[in-house]
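# Structure assessment
Chain by chain, the residues run as shown.
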Protein chains: 4
Amino acid sequence: MSHIKNNTEVARDKARVQNETLKVFLSEFFGTFLLCFIGLAINAQFILRHEKLNQWINVNFGWAFAIVFSVMATAKTSGAHLNPAITFMFYTYGNIGLVKMFVYFAAQTLGAFLGAAGVYGFYYEAINHFDGGIRAVVGSTATAGIFASYPAPYCSFFGAFLDQIVGTGLLALFVSAIIDPRNEVPSHLHALLFGGVLVMIGCSFGMNLGYPINPARDFGPRLFTLLTYGSDVFNSPSAYYWIAPTFAPLIGAAVGGWLYHAFIGFHLSDPIKKDYIPINVAA
Amino acid sequence: MSHIKNNTEVARDKARVQNETLKVFLSEFFGTFLLCFIGLAINAQFILRHEKLNQWINVNFGWAFAIVFSVMATAKTSGAHLNPAITFMFYTYGNIGLVKMFVYFAAQTLGAFLGAAGVYGFYYEAINHFDGGIRAVVGSTATAGIFASYPAPYCSFFGAFLDQIVGTGLLALFVSAIIDPRNEVPSHLHALLFGGVLVMIGCSFGMNLGYPINPARDFGPRLFTLLTYGSDVFNSPSAYYWIAPTFAPLIGAAVGGWLYHAFIGFHLSDPIKKDYIPINVAA
Amino acid sequence: MSHIKNNTEVARDKARVQNETLKVFLSEFFGTFLLCFIGLAINAQFILRHEKLNQWINVNFGWAFAIVFSVMATAKTSGAHLNPAITFMFYTYGNIGLVKMFVYFAAQTLGAFLGAAGVYGFYYEAINHFDGGIRAVVGSTATAGIFASYPAPYCSFFGAFLDQIVGTGLLALFVSAIIDPRNEVPSHLHALLFGGVLVMIGCSFGMNLGYPINPARDFGPRLFTLLTYGSDVFNSPSAYYWIAPTFAPLIGAAVGGWLYHAFIGFHLSDPIKKDYIPINVAA
Amino acid sequence: MSHIKNNTEVARDKARVQNETLKVFLSEFFGTFLLCFIGLAINAQFILRHEKLNQWINVNFGWAFAIVFSVMATAKTSGAHLNPAITFMFYTYGNIGLVKMFVYFAAQTLGAFLGAAGVYGFYYEAINHFDGGIRAVVGSTATAGIFASYPAPYCSFFGAFLDQIVGTGLLALFVSAIIDPRNEVPSHLHALLFGGVLVMIGCSFGMNLGYPINPARDFGPRLFTLLTYGSDVFNSPSAYYWIAPTFAPLIGAAVGGWLYHAFIGFHLSDPIKKDYIPINVAA
């Protein structure tokens with residue numbers, strides 16, 4: 001409204017990136033970095049304080065708002081996928097091409113890797129205080145669970161794989177419902193609603209693995225902990241468990257998204273074009 | 001906006017169901033399946049982790065968001081009742097006919113039955129870990145409460161029956177208030193508000209039976225557990241207790257809905273027709 | 001939209017109350033009944049399960065949603081005060097007259113009294129299970145705190161009185177801010193925001209008395225417990241403590257409301273009349 | 001709408017402050033007073049009841065709503081900074097001048113100081129009950145943590161300083177994203193969303209110092225406790241720790257705000273001017 005541009009507008013005139021691919025990369029990288037930097041810090045507060053400061057409800061709402069605001073910040077520049085499984089779902093929808101999908105994957109994984117590095121640095125003193133400086137993947141001083149998911153003791157590989165299909169499937173299903181324009185959910189509420197979906201999944205399908213449901217969020221930090229915790233992070237409880245949170249979400253997201261369409265989305269009527277009338281009074 | 005249709009739009013052109021009854025059946029079946037698949041998994045996380053991972057607040061908010069998103073996904077195809085008591089309330093309002101009511105009942109009960117089967121399969125390893133493979137309806141290793149409701153020890157049959165009338169009555173009362181067009185609550189907020197009503201009922205009238213307040217959500221899963229837990233599921237604490245969550249909600253919903261209209265709804269003025277003006281400044 | 005009226009519309013044509021005073025009475029009576037019936041049941045779940053089922057966060061969010069939906073249901077018929085302190089604040093604003101204020105007071109107190117009776121009946125079995133059938137106002141089996149407020153042991157009468165001035169003052173202050181048309185908060189969010197104010201007060205000023213901050217909500221149920229718990233309900237810890245939650249809120253609401261106006265409300269500019277433009281892009 | 005002005009409108013005609021600086025001062029003073037009066041009372045309920053009444057989730061949501069409503073009340077009179085770090089961020093944006101920045105600083109710090117005094121008076125009986133009347137900054141009866149932040153035992157000065165840069169940086173980053181008009185977040189949701197950001201930060205970066213992330217909120221109350229707790233409040237654990245929550249937020253806010261613009265804000269397209277169309281159906 002002011003006719004004199006403020007400092008951010010002046011800087012924008014100089015620094016604005018017009019290249020679509022670079023803009024998307026910056027956005028997905030930064031968004032996934034933020035999501036993981038904040039989310040893994042939530043896990044740290046849960047584990048390092050023996051589940052007494054952050055309780056499970058803090059984990060649920062904390063991660064939910066981490067999604068809400070990471071998505072809100074990056075929605076207009078890259079569509080705010082921040083999750084390779086969601087990107088893959090859009091690929092099966094024909095909304096993005098194969099090359100672009102890999103640009104998303106790279107940006108997301110790099111962002112998650114650096115998010116883990118950030119939390120490791122930030123909570124370095126606290127982790128040392130907790131484990132006496134000896135990093136452990138299992139046992140009472142284990143802290144690797146801050147960064148990547150490890151299954152509950154009773155959980156078979158098949159159980160872990162199914163867990164990630166179901167959790168990510170529900171995420172993709174409801175994301176598809178919320179953004180389906182025929183459902184007329186106002187776009188300014190989308191990010192907030194995605195947060196609610198996360199709370200719901202955390203309260204229902206979080207017990208086995210801790211609902212990573214995002215390959216970048218699990219694999220990026222696991223790779224980082226390879227450097228700091230050693231190769232046990234790819235061997236707990238066995239050599240192939242890390243496959244579940246890394247690949248099952250891709251299957252889950254495609255299945256979940258298309259299930260929504262098969263049962264609901266295909267059969268929705270097109271709304272009658274109308275001006276914005278918030279109420280209809282039967283008269 | 002794109003002139004080239006994406007894959008979901010192409011598939012829709014081929015697979016779209018135009019038959020109204022089938023569309024409603026698919027929507028209510030799928031919606032109630034999702035509600036129960038997610039909701040019973042929430043109960044599983046509450047019971048199988050000794051009320052320490054999921055606490056009561058997680059149960060309240062988890063079920064609330066399960067309602068929110070199941071309703072949001074199915075609102076445009078079937079009105080998202082997902083509960084025979086709500087369907088019956090609309091029947092007493094004259095909004096749907098007798099035959100259609102039974103279509104809703106069948107779809108909802110089938111969805112709830114399969115939702116229970118899904119949770120049983122999904123958490124099969126976790127349940128075995130908890131009860132050593134011996135399914136129990138009562139006692140310290142009981143897990144039948146994941147699926148259907150069992151009254152608190154002090155609770156008489158009359159108390160259980162009243163509990164379900166009151167809980168479902170409040171649900172129906174506030175649903176009727178929220179959707180009454182004369183109250184001018186924007187329709188894009190309805191699903192979210194129903195979730196809030198569920199949190200409220202869970203915090204106030206959830207102590208006796210665990211607020212099933214939905215005959216399909218209780219009877220469908222109870223029927224499923226007949227196959228896996230045996231006939232005790234219809235005999236705990238006595239042979240007729242299951243009647244309370246199965247039939248009392250129908251009475252409650254009709255009473256609650258009409259009470260809203262008797263005290264409030266009938267006496268609302270019709271709003272003056274106006275353009276959308278979000279603020280009125282007294283000047 | 002249908003040209004055939006449904007059953008609720010047909011009944012409305014016959015039963016509609018046009019008398020303004022009766023409509024207000026019905027609305028405030030029913031709204032305060034609902035608020036107290038639900039809210040006191042929340043307290044019951046907190047006390048009767050030893051603060052382990054409902055924890056404080058359930059009390060905060062439960063009461064918040066009880067406010068949200070009681071207000072939403074009665075906003076268009078009576079303005080949804082549901083609290084004599086808020087009614088008194090509007091009286092000091094000159095928005096309602098003296099006679100009407102007492103109509104509000106009577107409806108609210110009667111509603112709260114019957115809400116307490118309803119909870120007593122509803123949780124009769126649970127209360128007997130808790131106290132062995134011997135009603136107590138103090139001690140480890142005390143349940144009178146379900147219905148009316150009793151101060152923490154360290155709390156002087158002056159402390160209790162101040163507590164109710166401050167708690168109700170903040171409520172009135174923020175209610176006045178939210179409904180001030182110059183703040184342009186959309187009216188469909190008012191009820192939800194009042195709920196948020198309640199969560200906030202419960203987390204900050206709920207420790208001394210349990211934030212009744214509503215004379216009807218405290219005095220009506222206390223009067224009911226006089227019949228069931230005996231005269232100790234007006235004598236714990238001393239004969240005059242009940243005065244604090246009954247009269248201090250009136251002072252608090254007037255002070256809080258006018259403080260908002262003195263520091264903020266008076267100095268707000270009138271908005272420029274404009275069409276609804278949700279975004280302004282500085283260009 | 002009424003043509004007869006009510007009492008608040010009549011009083012406004014007489015008492016309205018037109019001087020811009022005084023209006024801003026009143027608004028920021030009153031808003032920061034409310035924020036700290038409510039927020040420090042939340043801390044009191046957390047500490048004085050041994051983290052059992054208020055748990056961490058109550059602290060997170062309580063402070064969040066304290067932000068929401070303090071911001072909502074003062075948004076139109078002063079922009080509702082209520083935090084010198086946010087004011088400094090706007091200074092680096094060129095949105096406010098140097099003199100005005102110090103007006104904000106003074107009003108905020110005075111408000112926070114008096115908010116602390118208010119909580120000290122309000123909870124005087126409860127604090128005496130807790131510590132037997134002997135004020136302590138450290139140890140099992142310490143209550144100084146109600147007012148200002150003290151680092152966790154493992155936390156170095158560098159760790160505390162970094163903590164405040166990161167926490168305030170995230171706040172500033174997401175505030176900048178939410179208010180960026182190119183993100184088209186409706187302004188009536190801004191205050192609510194700021195509350196969500198606070199919940200998120202409390203769940204992720206609250207473990208080291210308790211997320212003060214606001215120099216006025218920390219320094220004002222610390223100054224007040226100098227009068228009541230003695231000089232230990234500036235010496236725990238060492239003489240220079242108080243510098244972290246007082247100065248690091250200024251750096252953090254500037255860095256966080258500009259990081260948002262560097263990665264996202266600069267590269268956003270200007271929206272196409274259009275009428276308010278809430279849905280776009282691909283047809």
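Residues numbered from 1 in each chain as written. Chains lettered and ligands numbered in written order. Predicted model: local features only at pLDDT ≥ 70, side-chain atom pairs only at ≥ 80, totals over all residues. Heavy atoms only, no water.

Within an unreviewed UniProt entry, the label attached to chain A reads Major intrinsic protein family and Aquaporin-like domain-containing protein, and the organism entered is Strongyloides ratti. The UniProt entry for chain A carries this comment under Subcellular location (unreviewed entry): "Membrane". What the UniProt record of chain A gives under Function (unreviewed entry) is the line "Aquaglyceroporin that may modulate the water content and osmolytes during anhydrobiosis." (UniProt positions renumbered as here; feature names shortened; annotations may be inferred.)

### Structural notes on the overall build of chain A
Secondary structure assignment for chain A yields ten helices and zero strands. Its helices and strands in sequence order give chain A the pattern α-α-α-α-α-α-α-α-α-α, from N to C terminus. By the compact-globule yardstick of 19 Å for 283 residues, chain A fits well, its C-alpha radius of gyration being 20 Å. Once the C-alpha set of chain A is aligned to its principal axes, its extents read approximately 65 × 50 × 40 Å. The buried share among the 283 residues of chain A stands at 63%. The contacts in chain A between residues at least 6 apart in sequence include a share of 76% that link residues at least 24 apart. Carbon and sulfur atoms make up 65% of the accessible area of chain A, which totals about 10,000 Å². Here chain A contributes 15 positive and 14 negative side-chain charges, whose respective centroids are spaced 6 Å apart. (Helix = DSSP H or I, 4+ residues; strand = E, 2+ residues; numbered from the N terminus. Rg over C-alpha atoms; globule rule 2.2 N^0.38 Å. Buried < 20%, exposed > 50% of the residue type's maximum accessible area, 1.4 Å probe, protein only. Contact = heavy atoms within 4.5 Å. Areas by Shrake-Rupley, 256 points an atom, 1.4 Å probe, with all protein chains shown as cover. Lys, Arg positive; Asp, Glu negative; His and termini not counted. Charge placed at Lys NZ, Arg CZ, Asp CG, Glu CD.)

### With respect to helix H7 (residues 157–179) of chain A
For H7 of chain A, with 23 residues, the first-to-last C-alpha span of 33 Å sits near the 33 Å given by 1.5 Å per residue. Among the 23 residues in H7 of chain A, 17 count as buried, and that is most of the element. (Expected span 1.5 Å × (residues − 1).)

### Some points on the packing of helix H10 (residues 243–263) of chain A against helix H2 (residues 20–48) of chain B
Across the interface, H10 of chain A lies against H2 of chain B with an axial gap of 9 Å and an inter-helix angle of 145°. Taken together, the residues of H2 of chain B that come into contact with H10 of chain A (itself represented by Leu259, Tyr260 and Phe263 of chain A) are Leu26, Phe29 and Phe30 of chain B. In the contact of H10 of chain A with H2 of chain B, the residues fall into six nonpolar, no polar and no charged. (Axes fitted to C-alpha atoms, helices over the stretch in contact; angles between N-to-C directions. Nonpolar A, V, L, I, M, F, W, Y, C, P; charged D, E, K, R; others polar.)

### Some points on the interface of chain A and chain B
Facing the 59 residues of chain A at the interface are 55 residues of chain B. For the pairing of chain A and chain B, the buried interface totals around 5,000 Å² over both sides, and the portion due to carbon and sulfur atoms is 71%. Counting the contacts that link chain A with chain B gives two salt bridges. In this structure, Glu184 of chain A and Lys76 of chain B form a salt bridge, with 3.8 Å as the shortest nitrogen-oxygen distance. Put simply, chain A and chain B have 15 residue pairs in polar contact (both at pLDDT 80 or more) between them. Looking at the side of chain A that touches chain B, the elements with two or more residues in it are helix H3 (56–78), helix H4 (84–92), H7, helix H8 (190–204) and H10 of chain A. Per-element tally for the side of chain A that touches chain B: the top contributor is H7 of chain A, with nine residues. Split by residue class, the side of chain A that touches chain B holds 37 nonpolar, 18 polar and four charged. (Buried area = accessible area lost by both parts, 1.4 Å probe. Salt bridge = Lys/Arg side-chain N within 4 Å of Asp/Glu carboxyl O. Polar contact = N/O pair within 3.5 Å; in protein donor to acceptor, adjacent residues only side chain to side chain.)

### Concerning helix H6 (residues 124–131) of chain C
Residues and elements named next belong to chain C. For H6, the complete set of buried residues consists of Ala126, Ile127, Phe130 and Asp131. Taken around the axis of H6, the buried residues stretch over an arc of 115°, which confines them to a single face. The inward-facing, buried residues of H6 abut helix H2 (20–48), helix H5 (98–122) and helix H9 (215–229). One or two residues past the end of H6 sits Gly132, with phi positive at roughly 65°. (Arc of directions from axis to C-beta.)

### Description of the packing of aromatic side chains
Describing an aromatic ring pair means giving the distance of the ring centres and the angle of the ring planes. Counted according to the given criterion, the structure contains 128 aromatic pairs over all chains. Between the aromatic rings of Phe147 of chain B and Phe224 of chain B, the centroid separation amounts to 6.4 Å while the plane-to-plane angle is 50°, which identifies the pairing as tilted. A residue pair is termed long-range when its members are at least 10 positions apart, and Phe147 of chain B in the loop between helix H6 (124–131) and helix H7 (157–179) and Phe224 of chain B in helix H9 (residues 215–229) qualify at 77 residues. For Phe147 of chain B, a relative accessible area of 0% gives the class buried. Judged by centre distance (5.3 Å) and plane angle (80°), the ring pair of Phe234 of chain D and Trp242 of chain D falls under edge-to-face. Here Phe234 of chain D falls in the buried class, since its relative accessible area comes to 16%. Stacked on the ring of Tyr150 of chain D, the Lys or Arg Arg222 of chain D has its end atom at 5.1 Å from the ring centre. (Phe/Tyr/Trp six-rings, centres within 6.5 Å; stacked < 30°, edge-to-face > 60°. Lys NZ or Arg CZ within 6 Å of the ring centre and 35° of its normal.)

### Quick notes on the relation of the copies chain C and chain B
Overlay of chain C on chain B (RMSD 0.0 Å): rotation 90°, translation along the axis 0.0 Å. The superposition of one copy onto the other is thereby described by a four-fold rotation axis. Relative to the rotation axis, the closest C-alpha in chain C is found at Ile57 of chain C, a distance of 5.3 Å. Comparing interface residues between copies, only 17% of those in chain C also sit at the interface in chain B, which points to a heterologous contact through distinct surfaces. (Least-squares fit on C-alpha atoms with pLDDT ≥ 70 in both.)

### Structural notes on the relation of the copies chain A and chain B
At an RMSD of 0.0 Å, chain A and chain B line up after a rotation of 90° and a shift of 0.0 Å along the axis. Counting the interface residues of chain A, we find that no more than 15% of their copies in chain B are interface residues as well, pointing to two distinct contact surfaces.

### Thoughts on the environment of Asp232 of chain A
Residues and elements named next belong to chain A. Here Asp232 is to be found in the loop between helix H9 (215–229) and H10. Residue Asp232 is classed as partly exposed on the basis of its relative accessible area of 45%. Between the alpha carbons of Asp232 and Ala136 there is a distance of 8.8 Å; along the sequence they are 96 residues apart.

### Focus on the interface of chain C and chain B
Counting residues at the interface gives 54 residues for chain C, matched by 59 residues for chain B. Summed over both partners, the interface of chain C with chain B buries about 5,000 Å², with 70% contributed by carbon and sulfur atoms. Among the residues of chain C in contact with chain B, Phe30, Phe69 and Phe122 of chain C are the three that bury the most area, contributing 13% of the side total. Across the chain C-chain B interface, the total number found is three salt bridges. Arg12 of chain C serves as the salt-bridge partner of Asp270 of chain B, at 4.0 Å between the closest nitrogen and oxygen.

### Some thoughts on the UniProt feature "transmembrane region" (unreviewed entry) in chain A
All names here are of chain A. Under the feature "transmembrane region" (unreviewed entry), the UniProt entry names residues 29–48, 60–82, 102–122, 158–179, 191–213 and 239–264. As a span, residues 60–82 carries 83% helix and 0% strand, and end to end its C-alpha atoms are 18 Å apart. Counting secondary structure, residues 191–213 comes out at 61% helix and 0% strand; the distance between its end C-alpha atoms is 17 Å.

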